[in-house]
Amino acid sequence: MKPSRRLRLLLIAGLIASNLLVLVLAGFSLSQSRQQYQLRAEVTTQNIASALDLSLSASIERIDLALRTVADELERQLASPQGISEASLNAFLARHEKRLPEVEAFRIANADGLVILGKGVDRRAGASWADREYFAYHRDHADHSLQIAKPRMGRVAKRPIVGFSQRYNYPDGRFAGVISAPIAIDYFSQLLTRFDLDAKGVIALRDADLGLIARYPADPDKQIGQIGNTLVSDDLRQLLASGVGSATYRTASSADGVARTYTFHRLSKAPMILIIGLAAEEYLANWHAEVFKMSAMASGFLLLS
């Protein structure tokens, strides 16, 4: 083989090898970069879920303690010869409402379910909780467990609420009635807005049966934004069915059709589920810019070589 031909072959082989090396390095760099953006999105959703759990759980613990305190005061007054003093008890409830601004009001129903005490209560209206699931639970169970109802329209509050309730007893241990501390849906919605998301990011709070409690950003004109809807992806339903408490996953089949990275998290103190999602097209926007720049550089190198 002539030296000039050999030199040309070596040069061509070197150019091919160098171009392949550039392409391999560019592809590896972009792959690593994408993984970093993906990991950052996953960690962000997990951190938001943890922060919201801490905030909501702390609020729920305060409400539980307040309800137990009210139950103790009711049982103390029921055990006294004078019985319940409506004036002193209403003042007692008002003091607790000031300490817990998230609570719409503390209200009390008797053993028949008739609402008798609390802010905005008009006995002549005859508002009753006797048909509510939480009332039936407290009536039939002697434990003092906190019950959290699904979102509903409050019969006294006259707006969408989530009810927290506790039982109180007569001195002989018989069921005497129920204390309720409803929280307006607006409180949960405002809590979700504290976290800065991209334009297509979403945070949702749902009950144990996936009924929507609150969503940010709110979208009440669409079905996915209506309180009580259960529109979630099949991926989430499968994860929930597995019984895990928390998981991070990606889906291209979300309820609104946007591909996102999600973290779902069961609250530690309540039968509620948090779902936080970041849109792939937004958290990968800078990566797509990197792809364009790296492709231009690799193409330039190929052309020049």
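Scroll up to find the structure.
All figures in this text were calculated on a predicted structure; none of them were measured in a lab.

*Asks:* Can you lay out the sheet that holds strand 5 (residues 160–162) for me, pointing to particular residues and giving the numbers?
*Replies:* Spatially, 3 strands are ordered 4-5-8 in an open sheet, and the strand pairing comes out antiparallel. Each edge of the open sheet carries a strand with a single partner, namely strand 4 (152–153) and strand 8 (183–184). When strand 5 meets strand 8, the two strands line up antiparallel, connected through 2 bridges. Counted as the bridge partner of Val162 is Ile183 from strand 8.

*Asks:* Any chance you could break down the packing of helix 1 (residues 3–79) against helix 4 (residues 185–192) for me, citing the residues and the numbers?
*Replies:* Look at helix 1 against helix 4: their axes get within 11 Å of each other, and the N-to-C directions meet at 150°. By the angle class used here, helix 1 and helix 4 are roughly antiparallel. For the pair helix 1 and helix 4, the sense of crossing is right-handed. Where helix 1 approaches helix 4, its residues Leu52, Ser55, Leu56 and Ser59 are matched on the opposing element by Tyr187, Phe188, Leu191 and Leu192.

*Asks:* Help me get a handle on the packing of helix 1 against helix 7 (residues 285–304), residues and values and all.
*Replies:* With their axes 10 Å apart at the nearest point, helix 1 and helix 7 run at an angle of 175° to one another. The angle between helix 1 and helix 7 falls in the class roughly antiparallel. Here Ser18, Asn19, Val22, Leu23, Ala26, Ser29, Leu30, Ser33, Arg34 and Tyr37 of helix 1 come into contact with helix 7, specifically with Asn286, Trp287, Glu290, Val291, Met294, Ala298, Phe301 and Leu302. Split into classes, the residues belonging to the contact of helix 1 with helix 7 amount to 11 nonpolar, 5 polar and 2 charged.

*Asks:* Which residues make up the layout of surface pockets, and what values go with them?
*Replies:* Empty space within the largest pocket amounts to approximately 260 Å³. Every residue along the wall of the largest pocket is listed here: Asp131, Arg132, Glu133, Tyr134, Gln147, Ile148, Ala149, Lys150, Pro151 and Arg152. Only helix 3 (133–140) and strand 3 (147–148) provide two or more residues apiece to the lining of the largest pocket. Tallied by class, residues from the lining of the largest pocket come to 4 nonpolar, 1 polar and 5 charged.

*Asks:* So, unusual backbone geometry: which residues are in play, and what are the values?
*Replies:* Of note, the amide linkage connecting Tyr216 to Pro217 takes the cis form, showing an omega dihedral of 0°. Tracing the sequence through the fold places Pro217 in the loop between strand 10 (212–216) and helix 5 (234–242). Phi at Leu210 takes a positive value of approximately 75°, unusual for a residue other than glycine. Mapped onto the secondary structure, Leu210 falls in the loop between strand 9 (202–207) and strand 10. For Leu210, a relative accessible area of 7% puts it in the buried group.

*Asks:* Can you break down the pattern of salt bridges residue by residue, with the values?
*Replies:* Scanning all chains against the criterion turns up 10 salt bridges. Asp64 is the partner of Arg68 in a salt bridge, and the nearest nitrogen-oxygen pair spans 3.4 Å. Taken together, the residues Arg68 and Asp64, both in helix 1 and 4 residues apart, mark about one turn of the helix. On the basis of relative accessibility, which here comes to 38%, the residue Arg68 falls in the partly exposed class. Taking the shortest distance from any N to any O, the salt bridge between Glu86 and Arg123 comes out at 2.6 Å.

*Asks:* Would you mind going over the environment of Ala91 in detail, with residue names and values included?
*Replies:* Within the secondary structure, Ala91 is located in helix 2 (residues 86–99). Counting along the chain gives 169 residues from Ala91 to Arg260, while the straight-line C-alpha distance between them is 49 Å.

*Asks:* Explain the side chain of Ser33 to me, using residue names and the numbers behind them.
*Replies:* By the element assignment, Ser33 lies in helix 1. A polar atom in the side chain of Ser33 sits 2.7 Å from the side chain of Glu290. For Ser33, the contacting residues outside a window of four places in its chain are Trp287 and Glu290.

*Asks:* I'd like a description of the side chain of Arg132, backed by residues and values.
*Replies:* Tracing the chain through its elements places Arg132 in the loop between strand 2 (115–118) and helix 3. For the buried Arg132, no salt bridge is present, and the opposite-charge side chain at shortest range is Asp131, 4.8 Å distant. Arg132 has contacts with Arg152, Met153 and Arg155, leaving out every residue within four places of it along the chain.

Conventions we followed
- Residues numbered from 1 in each chain as written.
- Predicted model: local features only at pLDDT ≥ 70, side-chain atom pairs only at ≥ 80, totals over all residues.
- Heavy atoms only, no water.
- Pairing = 2+ DSSP bridges.
- Helix = DSSP H or I, 4+ residues; strand = E, 2+ residues; numbered from the N terminus.
- Axes fitted to C-alpha atoms, helices over the stretch in contact; angles between N-to-C directions.
- Parallel < 35°, antiparallel > 145°, perpendicular 65-115°, else oblique.
- Left-handed = near helix turned anticlockwise from the far one by under 90°.
- Contact = heavy atoms within 4.5 Å.
- Nonpolar A, V, L, I, M, F, W, Y, C, P; charged D, E, K, R; others polar.
- 1 Å grid on protein atoms, 1.4 Å probe; cavity = no way out; pocket = protein on both sides within 12 Å on 5 of 7 lines; lining within 4 Å.
- Points joined across faces, edges and corners; volume = space filled by probe spheres on them.
- Buried < 20%, exposed > 50% of the residue type's maximum accessible area, 1.4 Å probe, protein only.
- Salt bridge = Lys/Arg side-chain N within 4 Å of Asp/Glu carboxyl O.
- Polar contact = N/O pair within 3.5 Å; in protein donor to acceptor, adjacent residues only side chain to side chain.
- Lys, Arg positive; Asp, Glu negative; His and termini not counted.

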